[in-house]
Amino acid sequence: MGRELMRVLPTLPRVLRTDLLTWVYDPLPPMVGPRWLARLPHVVVVVFAVTGAIEGSGPDPRVSTLTMVQAGLLVAAMFRPMPAWWASTVVLVVAARIVEPPAASWDVPGGAALRVMSIPWSVQLIALQVGVLYLVALRVRPRVVGETLAISVLTGVACLTFVNPGIGPAQIVVTPPFFVSVTAVGAVVGIGAVLRGERVARARLFSQKELTAEERARRTVLEERNRIARELHDVVAHHMSLISIQAQVAPHLVKDPPEELKENLAGIRQSAVEALTELRRVLGVLRSEDAPADEARHAPQPTLERLGELAETVRGAGLTLSIETTGEPRRLPPGVELSAFRIIQEALSNAMRHAPGAAVRVQLGYRADALTVRVVNAVPDRPAAPSSEPRHGLLGMRERTVMLGGELVAGPTSDGGYEVRATLPAGAGGPHAEDTA
């Protein structure tokens, strides 16, 4: 114990200097709610300070001045608690020095050893000092709060000893009114420290929730991108295989093909095989353990031709669905058809999950340069069942749309329903037409 004390004592001045001589403090977290409610604590502090200054004014101009200064320091403690506390402590010392102590404040029974004790501070001045300590407890660490409380109590004892030279510090400490005052100050500071601890814990929990939500969203995006990459891998691999096969068969379709043609076709086939090998090597890692079964993996990726099957499936689940097509339907690049099918599929799943009983309308618009997909559901006729699963379906839709260079808009409609609208470039000269063809 003594050895530990000897080790800590040399560092004590540096620790006190770092803790007490600083402008640093913990800012209060923003309150959730109306703006006037967030300003309410500041208004309460200002009203308390003004009330204390008014009630503390008296015939002695020095008392009135010190009370007004202490009230101003209480307001300043909301923004710079440590400098305000130092200044308020100096005000108490100055008050004990220049203000003449009143006559006997109370009599302490128990013999001649305990005599009458005078206090040089008004009730308003003490209340304002307690308010400063309370704000300090709300804004700084518990260790610093303990240090400020100890210094305040010791300063008070020293001032009372100075204005009551015939009474020793031990007699002052055991005086019941003084003991009650110190206990009240300690209780107020303790309440402030507890509230600060609760606020810090709540802020950390909120921060952790935000990090968890961001991490979940990031993980969902990566999973959706992996899924998209797996699907596009199948599409690209299919076309690269066709190129390889066609380049291999082409020389047999021409009678006496020139050697240059054979060499060019052989080079095309070799390049296709090498590209397919590299594609499988790079993207094969996406075939993770949680990937679909072999039967599902090697099945052809869905296109808009299978939209009828999807409609029958969701209708069988109880969804009222109508499909409208405008423009001249045509064959689109596989990546566009795959993304359009997945967007419709996810939008219908969201409608069944979040808008039970609502009628849903799917609109496909074939334009010269793009395909528009619009999925709109009406107002649900009953509330959706509560679900703890994160709602990240829109992330996948947005990833697919951005991949094709398109646009996606989703949000509530004017009649209380919900709409998902995607525009996918699909013209012959579209930005990704050659990549997915």
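Residues numbered from 1 in each chain as written. Predicted model: local features only at pLDDT ≥ 70, side-chain atom pairs only at ≥ 80, totals over all residues. Heavy atoms only, no water.

A separate point is the overall build of the protein. A count of helices and strands for the protein gives 15 helices and five strands. The 437 residues of the protein split such that 35% are buried. Expressed as a percentage of contacts within the protein between residues at least 6 apart in sequence, the contacts between residues at least 24 apart total 73%. Split by element, the accessible area of the protein, about 25900 Å² in all, is 63% carbon and sulfur. (Helix = DSSP H or I, 4+ residues; strand = E, 2+ residues; numbered from the N terminus. Buried < 20%, exposed > 50% of the residue type's maximum accessible area, 1.4 Å probe, protein only. Contact = heavy atoms within 4.5 Å. Areas by Shrake-Rupley, 256 points an atom, 1.4 Å probe, with all protein chains shown as cover.)

So, about the packing of helix 4 (residues 61-76) against helix 5 (residues 81-98). Where helix 4 contacts helix 5, the axes come no closer than 9 Å and their chain directions differ by 165°. One finds that helix 4 runs roughly antiparallel with respect to helix 5. Both helix 4 and helix 5 take part in a crossing whose hand is left-handed. From helix 4, Arg 62, Leu 66, Val 69, Gln 70, Leu 73 and Ala 76 reach across to helix 5, where they touch Ala 84, Ala 87, Ser 88, Val 91, Leu 92, Val 94, Ala 95 and Ile 98. Class assignment of the residues belonging to the contact of helix 4 with helix 5 gives a composition of eleven nonpolar, two polar and one charged. (Axes fitted to C-alpha atoms, helices over the stretch in contact; angles between N-to-C directions. Parallel < 35°, antiparallel > 145°, perpendicular 65-115°, else oblique. Left-handed = near helix turned anticlockwise from the far one by under 90°. Nonpolar A, V, L, I, M, F, W, Y, C, P; charged D, E, K, R; others polar.)

In this fold, Asp 381 is placed in the loop between strand 3 (370-377) and helix 14 (393-403). The spacing of Asp 381 and Pro 356 is 25 residues in sequence and 6.8 Å in space, taken between C-alpha atoms. Other than its neighbours up to four places away in sequence, Asp 381 contacts Pro 356 and Gly 357.

This part covers the confidence of the model for the protein. In regions of low pLDDT, the predicted coordinates are not meant to be interpreted in detail. For the protein, the average pLDDT comes to 78, and 76% of its residues sit at 70 or higher. Every residue in residues 103-108 is under pLDDT 50, and counting partners more than four places away or in other chains gives 17 contacts. pLDDT under 50 marks residues 428-437. Its contacts with residues more than four places away, or in other chains, come to 14 contacts. (pLDDT = per-residue confidence, 0-100.)

This part is about the pairing of strand 5 (residues 418-425). Strand direction decides the pairing type here: strand 3 and strand 5, joined by eight bridges, are antiparallel. Residue Ala 370 lies in a different strand from strand 5, and its bridge partner there is Pro 425. The hairpin formed by strand 4 (residues 407-412) and strand 5 contains five residues between the paired strands, and Gly 416 there has a positive phi angle of roughly 95°. (Pairing = 2+ DSSP bridges.)

Attention now moves to the packing of helix 4 against helix 6 (residues 123-139). Running from amino to carboxyl end, helix 4 crosses helix 6 at an angle of 15°, the nearest separation of the two axes being 9 Å. Classified by the angle between their axes, helix 4 and helix 6 sit roughly parallel to one another. Relative to helix 6, helix 4 is oriented so that their crossing is left-handed. Between helix 4 and helix 6, the contacting residues are Leu 66, Thr 67, Gln 70, Ala 71, Leu 73 and Leu 74 on the first element and Gln 124, Leu 125, Leu 128, Gln 129, Gly 131, Val 132 and Leu 135 on the second. Within the contact of helix 4 with helix 6, the residues separate by chemical class into eight nonpolar, five polar and no charged.

We now examine helix 4. The α-helix advances 3.6 residues per turn, and as a result positions three or four apart in sequence lie on the same side. Taking 1.5 Å of rise per residue, 16 residues should cover 22 Å, and helix 4 covers 22 Å from first to last C-alpha, within 8% of that figure. Among the residues of helix 4, Ser 64, Leu 66, Thr 67, Gln 70, Ala 71, Leu 73 and Leu 74 are the ones counted as buried. (Expected span 1.5 Å × (residues − 1).)

A separate point is the pairing of strand 1 (residues 321-326). Where strand 1 lies against strand 2 (residues 360-366), six bridges are found, and the strand directions are parallel. In the strand pairing of strand 2, Ser 322 is matched with Arg 361. With helix 13 (residues 334-354) bridging strand 1 and its parallel neighbour strand 2, the resulting β-α-β unit is left-handed. (Right-handed = clockwise from strand over helix to strand, strands pointing away.)

What follows is about the sheet that holds strand 4. Pairing is mixed across the open sheet formed by five strands, whose spatial order is 1-2-3-5-4. Sheet topology places strand 1 and strand 4 at the edges, where each strand pairs with a single neighbour. Neighbour-to-neighbour, the strand axes of this sheet turn through a mean angle of 10°, independent of strand direction. Of the strand pairs in this sheet, strand 4 and strand 5 are connected by six bridges, and their pairing is antiparallel. The partner of Glu 407 across the bridge, within strand 5, is Thr 423. On top of the sheet, helix 13 reaches strand 1, strand 2, strand 3 and strand 5; it is set at about 5° to strand 3, its chief contact. The strands touched by helix 14 within the sheet are strand 4 and strand 5, with strand 5 carrying the most contacts at an inclination of about 20°.

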